[in-house]
Amino acid sequence: QVQLVESGGGLVQPGGSLRLSCAASGSIFGDYYMGWYRQAPGKQREFVARIHSGGSLYYSDSVKGRFTISRDNAKNSVYLQMTSLKPEDTAVYYCRKSGPTGESWGQGTQVTVSS
């Protein structure tokens, strides 16, 4: 079972930037996705971005051009660089690993965009 721990959330003004990190512990190999999802109050959890073990990147339309997902295989970590943040980006951000062996979720990190 892979455990995921997110960090890097916080309060930022509109137009600002934040970088989220997700550290994975346990065996990670084979064909899998590492991704970021978010859930705003009163809304369903939604997809933000993901990266395949082969390197392909995917983004939701709402963050394309503003957010960048990346990974560091040596550190078993995935990152989400968020720029040009908007109030509607306010949510709890979750890291997820998914693949043939199942899925794992982190506990989430709060991102609040407000002046």
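The notes below deal with the structure included here. Because the structure is predicted, anything quoted here is derived from the model rather than measured. (Residues numbered from 1 in each chain as written. Predicted model: local features only at pLDDT ≥ 70, side-chain atom pairs only at ≥ 80, totals over all residues. Heavy atoms only, no water.)

### Examining the packing of aromatic side chains
Centre-to-centre distance and the angle between the planes together describe a pair of aromatic rings.
Step number 1: A complete count under the given rule lists four aromatic pairs for this structure.
Step number 2: Summarising the aromatic geometry, the rings of tyrosine 37 and phenylalanine 47 are spaced 5.7 Å apart at their centres and angled 70° between planes, so their arrangement reads as edge-to-face. Of this pair, tyrosine 37 sits in strand S4 (residues 33-39) while phenylalanine 47 sits in strand S5 (residues 46-52), and the two are 10 residues apart along the sequence.
Step number 3: Among the residues examined, tyrosine 37 registers a relative accessible area of 12% and is labelled buried. (Phe/Tyr/Trp six-rings, centres within 6.5 Å; stacked < 30°, edge-to-face > 60°. Helix = DSSP H or I, 4+ residues; strand = E, 2+ residues; numbered from the N terminus. Buried < 20%, exposed > 50% of the residue type's maximum accessible area, 1.4 Å probe, protein only.)

### Some points on the state of the cysteines
Step number 1: Overall, the coordinates contain one disulfide when judged by the stated rule.
Step number 2: Sulfur-sulfur distance for the disulfide between cysteine 22 and cysteine 95 comes to 2.1 Å. As the torsion about the S-S bond is roughly -80°, the cysteine 22-cysteine 95 disulfide counts as left-handed. Pair noted here: cysteine 22 is in strand S3 (residues 18-25) and cysteine 95 is in strand S9 (residues 91-99), with a separation of 73 residues, a long-range link. (Disulfide = S-S within 2.5 Å.)

### Concerning the environment of threonine 109
Step number 1: For threonine 109, the position within the fold is in strand S11 (residues 109-113).
Step number 2: You can call threonine 109 buried: its relative accessible area is 10%.
Step number 3: Sequence separation of threonine 109 and valine 63 is 46 residues, and the distance between their C-alpha atoms is 18 Å.
Step number 4: In contact with threonine 109, not counting residues within four places along its chain, are Glu6, Ser7, Gly8, Gly9, Leu20, Ala91, Val92 and Tyr93.
Step number 5: There is a polar contact of 3.2 Å between the side chain of threonine 109 and the backbone nitrogen of glycine 9. (Contact = heavy atoms within 4.5 Å. Polar contact = N/O pair within 3.5 Å; in protein donor to acceptor, adjacent residues only side chain to side chain.)

### Structural notes on the nonpolar core
Step number 1: One finds Trp36, Leu80, Met82 and Tyr93 to be the most contacted residues of the largest nonpolar core, which totals 26 residues.
Step number 2: Contributions of two or more residues to this core are made by S3, S4, S5, strand S7 (67-72), strand S8 (77-82), S9 and S11.
Step number 3: It is S3 that contributes the most residues to this core, four residues altogether.
Step number 4: Contacts of methionine 82, omitting those with residues within four sequence positions, involve Gly16, Ser17, Leu18, Leu20, Arg66, Phe67, Tyr93 and Val111. (Core = buried A, V, L, I, M, F, W, Y, C linked by side-chain atoms within 4.5 Å.)

### A word on the pattern of salt bridges
Think of it this way: side chains of opposite charge can pair up when their charged atoms draw near.
Step number 1: All told, the structure shown has five salt bridges when counted by the stated rule.
Step number 2: Salt-bridge contacts for arginine 38 lead to aspartate 89; the nearest nitrogen and oxygen are separated by 2.9 Å. Linking arginine 38 in strand S4 with aspartate 89 in the loop between S8 and S9, this pair joins segments that are 51 residues apart in sequence. Taken as a pair, arginine 38 and aspartate 89 share a single burial class, namely buried.
Step number 3: Salt-bridge contacts for glutamate 103 lead to arginine 96; the nearest nitrogen and oxygen are separated by 2.6 Å.
Step number 4: The class of glutamate 103 is partly exposed, set by a relative accessible area of 42%.
Step number 5: Residues joined by salt bridges that share partners form a network here, namely Arg38, Glu46, Arg66 and Asp89. (Salt bridge = Lys/Arg side-chain N within 4 Å of Asp/Glu carboxyl O.)

Function cannot be read off these values alone, since they describe shape.
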